[in-house]
Amino acid sequence: MAEPIIVVSNLAHRYGDFEAVKGISFSVDRGEIFSFLGPNGAGKSTAINILTTLLHIQQGSASVAGFDVATEPAKVRESIGIVFQDVTLDRDMTCWEILEFHGSLYRMPHKERRARIEELLELVELEGKRNTLTKHLSGGMKRRLEIARGLMTRPKVLFLDEPTIGLDPQTRRRMWDYIKSVNEEGTTIFLTTHYMDEADQLSNRVSIIDHGQIIATGAAWDLKNMLGEDLIYLETSDNDAAGKLLQKMPEVTGIQERPHGFYAQVNQDGTHILPKIMDDLRIAGIRIQTVNLKKPSMDDVFVHFTGRDMRDDGAEHPSSMHAKTGRR
Amino acid sequence: MRMGFLTIYWRDMIRFVRFRTLLISSLVQPALWMAFFGIAMSANFTRLTTDVPPIPGIPNVGYLTFMAAGVIAMTTLFTSLFGGMTLLFDKNWGLLREVMASPLPRDHIIFGIALSGMTKSFIQAIIIMVFGIFIGAEFFMGFSPLNVIFSILGILLFVGIFSLGFLFLSAAIAISFESPEGMQGIMTLLTMPIFFASNALYPVNAFPPALQVVSMGNPLTHLVNGIRYFAIGDDFQAIGVVYSTTVTELLVSLSVLIVFALAMFGLAWWRFQKAVVT
C-alpha cells in the first residue's frame, strides 16, 4: 500500500482580496509522479510556493516528507528539491559552480558533494559543459542543469514548476525521459504544468486545478475514460438540431459545443456508432460537412471539467514567457 | 559552527572577479578621485591657504594628504551602500529563491554579502593608500615599518566595521525594495548628507552649529577620524586647522561605528525575517 509523502488539507491562500487558492486538499504517494494541471493563474505556483516553504501558509495544513510546512520549514527544506518556473541560474557561473554552490548551501560534506556533482553532470549529459558559463547553454541544457541542481541533495520530493516551458518538442521529450528516470530511482515528483500532453504522458495521477480549486483528480487514463470511449466531432448544416437528436441516443453520453460544430461523447467504440449517427442525421435532413473520430485527450478532459478551453484565458504561449530569464 | 555564509561569500567574490568591468571600475574609480579631484583641490587649497601661517611645532600636511583619508572613507561608503544591490538583482531575477528555499539561516545571507562587501572595501582602501602615496600623499611619515603595519591594520579595522554597518543597511534596503530605481533613489538620498555633512573633504569647524551636530553623529566622520589618526598621526595641522586626537576620542569613534553596525544588523535581520521571496 502506498503511503502519502505530501498531505495537503483545506489549503487556502489569498493576496489581498484575491483568493488564489480556495481550500484544496490532496495527497501525493511516495514514489509517484503527480501533476497539477491548469492554466496560468490557476493557483499552481502559489500551492508549490507554500509546499516549498517560500510562502507562509495562511490557512489549512500541509506536510511534506512527514514534516509540517508551518512548524518545521527547515526540515521540509532539507527534504526537497525545486526546479523553478523561470530559469534561476546565475549567468556568470559555470555548471560546476552552480552545483557546488547548491551543495554547499545544503551543507553537503565536501567529498560527497564532489562525487554527486560528477554523477549528476553525467545523468543530465553535461559533463562536457562543466566549466561553461550558464549563459552559454541552450534552453534545454539550462533546464537539465536545473534538474541536476534540484537532485543534488538527493531529495525525497522533487518539485518541478512548469519544467518544459519554452522548450522545443524534441527537448521536451528528452526532459520527460530524464524526469521519468529520476522517478524510477525513487524520487517522488510533484509537477505543475499547463501542458495537457505533459500531464498525460508523464504523471501517474493528475489534479486539474482551475480558479484555485481542484476540479478532478485521478490517473490520466481514468480522467479520459470519464469522457467515454470516444469523441466524435461533427460539423453539420444545423448543429443545434443535430446535437438535440444525438442526445437522445443511448450511446451518446454528452455533447460539447464548439465554434463550428460539436463533440459527441460516446460510451462505446466510436467506429461502430458513427455509421448509425450519420444515418440518423441524414434521415433527419441534416447535412454532415465534417466528421472526425478521436480518443479523448487531456484537452478534452479539461474542457469537460471546466466548461472551457484552457487556452481561452490566461494560458500564455511559450514564446512570450521568457522575458525574465536573462540576467542584467 | 555553521559556515554557510562562506558559501554566499564565495559566490559573490566569483562574480566580483568575473565581471571585469565591475572589478576594474571599482578599482580605478577611487584612483581617479584622487588623481583629479585631489590634485585639483589641493592646488587650490594650497593657493588659498598661503596667507594662513602654519602653527609652529605641529606637523603640517598638504590638502592631498588630508583628503586622501576622506577618499578612502568615501569609497568605503559608496561600495558598502551599493553592496546590497546584488541582493536586489538576485531577488528580481529569481536567483535568491534558491537560497531562500534552502535550509541556510537567513542571517548567513546577510553575513555572506557583508563579508564580500568588506573584502572589496579592503582592496579599495589599500589601492587608494598605495596610489595616494604614489601621487604625493604624506601617509605614514616618519613611521617605523612595524608602526606602518600597525597603522594599516588600524585603518582596516575602522574601514571594516564602518563597511559592515552600511552593508547591513544596504542589505536591509535591498530585501525590502522591488525596483533598482527605488533603491537607487534611497541611496542617493542617503549618500548626499552622509558624504557632505562629514569631515571627509573639508574641516567641519566652519559648519553652522546644527550641521556640526549632524557631522558628529555621522559614522563617516568617525571613520575619517580613525583613518587620519592611523595614516597621518594623532597631532597634525592641515589647511590651517589643528587635528589632535586622543586615544579616548579614537575609541569613542570606534564605538560609534560598532554601535551603528550593530543597529544596522538588527535592522537587516528584522527585514530578512519578514522577507518573502517567490
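Chemist: Go over the overall build of chain A with me, naming the residues and quoting the values.
Modeler: Looking only at helices and strands, chain A features 11 helices and 14 strands. Counting only C-alpha atoms and orienting by the principal axes, one finds that chain A spans roughly 80 × 45 × 40 Å. Going through the 328 residues of chain A one by one, you find that 53% of them count as buried. Across chain A, every contact between residues at least 6 apart in sequence was considered, and the portion connecting residues at least 24 apart equals 71%. Counting only carbon and sulfur atoms, one obtains 48% of the accessible surface of chain A, whose full area is about 14,400 Å². Each charge class in chain A was averaged separately, 40 positive and 47 negative side chains, and the resulting centres sit 5 Å apart.

Chemist: Explain the sheet that holds strand β3 (residues 241-244) of chain B to me, and be specific about the residues and the numbers.
Modeler: Taken in spatial order, the three strands line up as β1-β2-β3 (chain B) in an open sheet, and their pairing is mixed. Strands with a single pairing partner mark the edges of an open sheet, and in this sheet they are β1 (60-61) and β3 of chain B.

Chemist: Report on the side chain of T88 of chain A, specifying residues and quantitative values.
Modeler: By the element assignment, T88 of chain A lies in the loop between β6 (80-83) and α3 (95-105). Of the residues examined, T88 of chain A reaches a relative accessible area of 1% and is grouped as buried. Looking at T88 of chain A, its side chain comes within polar contact range of the side chain of R149 of chain A, at 2.7 Å. Once residues lying within four places of it in the same chain are set aside, the contact partners of T88 of chain A are E146 and R149 of chain A together with W93, G94, L95 and R97 of chain B.

Chemist: With reference to specific residues and values, describe the environment of T49 of chain B.
Modeler: Residue position: T49 of chain B is located in the loop between α2 (20-48) and β1. Separated by 190 residues in the primary sequence, T49 of chain B and I239 of chain B place their C-alpha atoms 6.2 Å from one another.

Chemist: Tell me about the packing of aromatic side chains, and please be specific about residues and values.
Modeler: Using the criterion set out here, one finds 28 aromatic pairs over all chains in the structure. Ring centres 5.5 Å apart and planes at 50° place the aromatic pair F66 of chain B and Y243 of chain B in the tilted group. Note that F66 of chain B is positioned in helix α3 (residues 63-81) and Y243 of chain B in strand β3, a separation of 177 residues in sequence. Between Y229 of chain B and F230 of chain B, the ring centres sit 5.3 Å apart and the planes meet at 85°, which makes this aromatic pair edge-to-face. Its relative accessible area of 7% is what places F230 of chain B among the buried residues. One aromatic cluster is present, formed by F26, F34, F36, F159 and F190 of chain A through successive ring pairs. Its end group placed over the ring of Y195 of chain A, R172 of chain A keeps NZ or CZ at 4.2 Å from the ring centre. Above the face of the F66 of chain B ring, R228 of chain B is positioned so that its terminal group lies 3.7 Å from the ring centre.

Chemist: Summarise the domain arrangement of chain A; cite the residues concerned and give the values.
Modeler: Under the domain assignment used here, chain A contains domain 1 (4-223) and domain 2 (228-295). Look at where the C-alpha atoms of domain 1 of chain A and domain 2 of chain A centre, and you get two points 41 Å apart.

Rules behind the numbers
- Residues numbered from 1 in each chain as written.
- Chains lettered and ligands numbered in written order.
- Predicted model: local features only at pLDDT ≥ 70, side-chain atom pairs only at ≥ 80, totals over all residues.
- Heavy atoms only, no water.
- Helix = DSSP H or I, 4+ residues; strand = E, 2+ residues; numbered from the N terminus.
- Buried < 20%, exposed > 50% of the residue type's maximum accessible area, 1.4 Å probe, protein only.
- Contact = heavy atoms within 4.5 Å.
- Areas by Shrake-Rupley, 256 points an atom, 1.4 Å probe, with all protein chains shown as cover.
- Lys, Arg positive; Asp, Glu negative; His and termini not counted.
- Charge placed at Lys NZ, Arg CZ, Asp CG, Glu CD.
- Pairing = 2+ DSSP bridges.
- Polar contact = N/O pair within 3.5 Å; in protein donor to acceptor, adjacent residues only side chain to side chain.
- Phe/Tyr/Trp six-rings, centres within 6.5 Å; stacked < 30°, edge-to-face > 60°.
- Lys NZ or Arg CZ within 6 Å of the ring centre and 35° of its normal.
- Domains from an automatic or database assignment.

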